[in-house]
Amino acid sequence: EPEVTQTPSHQVTQMGQEVILRCVPISNHLYFYWYRQILGQKVEFLVSFYNNEISEKSEIFDDQFSVERPDGSNFTLKIRSTKLEDSAMYFCASIQATVRGPSPLHFGNGTRLTVT
Amino acid sequence: SQKIEQNSEALNIQEGKTATLTCNYTNYSPAYLQWYRQDPGRGPVFLLLIRENEKEKRKERLKVTFDTTLKQSLFHITASQPADSATYLCALFMNYGGSQGNLIFGKGTKLSVKP
């Protein structure tokens, strides 16, 4: 069964450094998402992306964050200058759009980002 | 803003019993409500979707109900097994109306099924 893949599985970085988290969504999916989950907290929406542009973003997704689909397969999340509070699990998800309404999200297994 | 509450952070039951998890939401009723399973260190995995005009949905040992009057969904696992031990997340779509919207999650209920 096709799956969403994320790399790396674990990223350690120093405060102030830039990080890029990478995702390969399922090939025939059209909508892409980033979510994050701080340890012990709920899964939080960051941003959705469709047709090469951001569809929606949450309050968390400030100017330090950006997303890109540099080619036909990869979907990246960049954090320009990491802060301690950016430490979390970051999940990529994709969805197969239908005309009937929301389809289930397919999540990757996440990148654990640790900012020291 | 829309809030989702999953009343129990943890639920411990004996193998073979039925687990019932509760999800309540505030404000408007979503057109769709979904349930996911999350294992430690893994991404959520979709289980069931129920529409606002559906009272109940079943899939094998799983059953979901949706009561828009009470603004509540119940998630049942019958004949529970230790392998069912995981965190179960309730989720609903925001801003559905022509777009795919985005999914917001409750904090989840951690289910432990003891042999």
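Everything below is about the structure shown above.
Here is what the cut-offs are and how they apply
Counting restarts for each chain, with residues numbered from 1 along the sequence as it is written. Each chain is given a letter, starting from A, and each ligand a number, starting from 1, according to the order in which they appear as written. pLDDT decides what is reported in this predicted model: residues at 70 or higher carry local features, side-chain atom pairs at 80 or more are listed and counted, and totals for whole chains, interfaces and linings draw on all residues regardless. Side-chain measures here rest on the full set of heavy atoms in the structure, leaving out hydrogens and waters. Buried residues of nine kinds, namely Ala, Val, Leu, Ile, Met, Phe, Trp, Tyr and Cys, make up a nonpolar core once their side-chain atoms join them within 4.5 Å. When accessible area is computed with a 1.4 Å probe and restricted to protein chains, residues below 20% of their type maximum are described as buried, those above 50% as exposed, and intermediate ones as partly exposed. We count a stretch as a helix when DSSP gives it H or I for four or more residues in a row; a strand needs E for two or more, and each element gets its number in order from the N terminus. Residue contacts follow a heavy-atom distance rule, with two residues in contact if any of their heavy atoms lie within 4.5 Å. Disulfide assignment relies on a single distance test, namely cysteine sulfur atoms paired within 2.5 Å.

Q: Just give me the short version of the nonpolar core, but keep the residues and values in it.
A: Ranked by internal contacts, the top residues of the largest apolar core, which has 23 residues, are Leu-33, Trp-35, Phe-75, Ile-77, Tyr-88 and Leu-111 of chain B. When contributions to this core are tallied by element, the ones reaching two or more residues are β3 (19-25), β4 (32-38), β5 (45-51), β7 (62-67), β8 (72-77), β9 (86-94) and β11 (109-114) of chain B. Apart from the residues within four sequence positions on either side, Leu-33 of chain B is in contact with Tyr-25, Leu-48, Leu-49, Ile-50, Phe-66, Ser-73, Cys-90 and Ala-91 of chain B. Residues Val-19, Cys-23, Phe-49 and Leu-77 of chain A belong to the second largest nonpolar core, which totals 21 residues.

Q: Mind laying out the state of the cysteines, listing which residues take part and the relevant values?
A: Residues and elements named next belong to chain A. Counted according to the given criterion, the structure contains two disulfides over all chains. Disulfide pairing is shown between Cys-23 and Cys-92; the S-S distance is 2.0 Å. Taking the torsion about the sulfur-sulfur bond, which here is approximately -65 degrees, the covalent link between Cys-23 and Cys-92 counts as left-handed. Note that Cys-23 is positioned in strand β3 (residues 19-24) and Cys-92 in strand β9 (residues 88-95), a separation of 69 residues in sequence.

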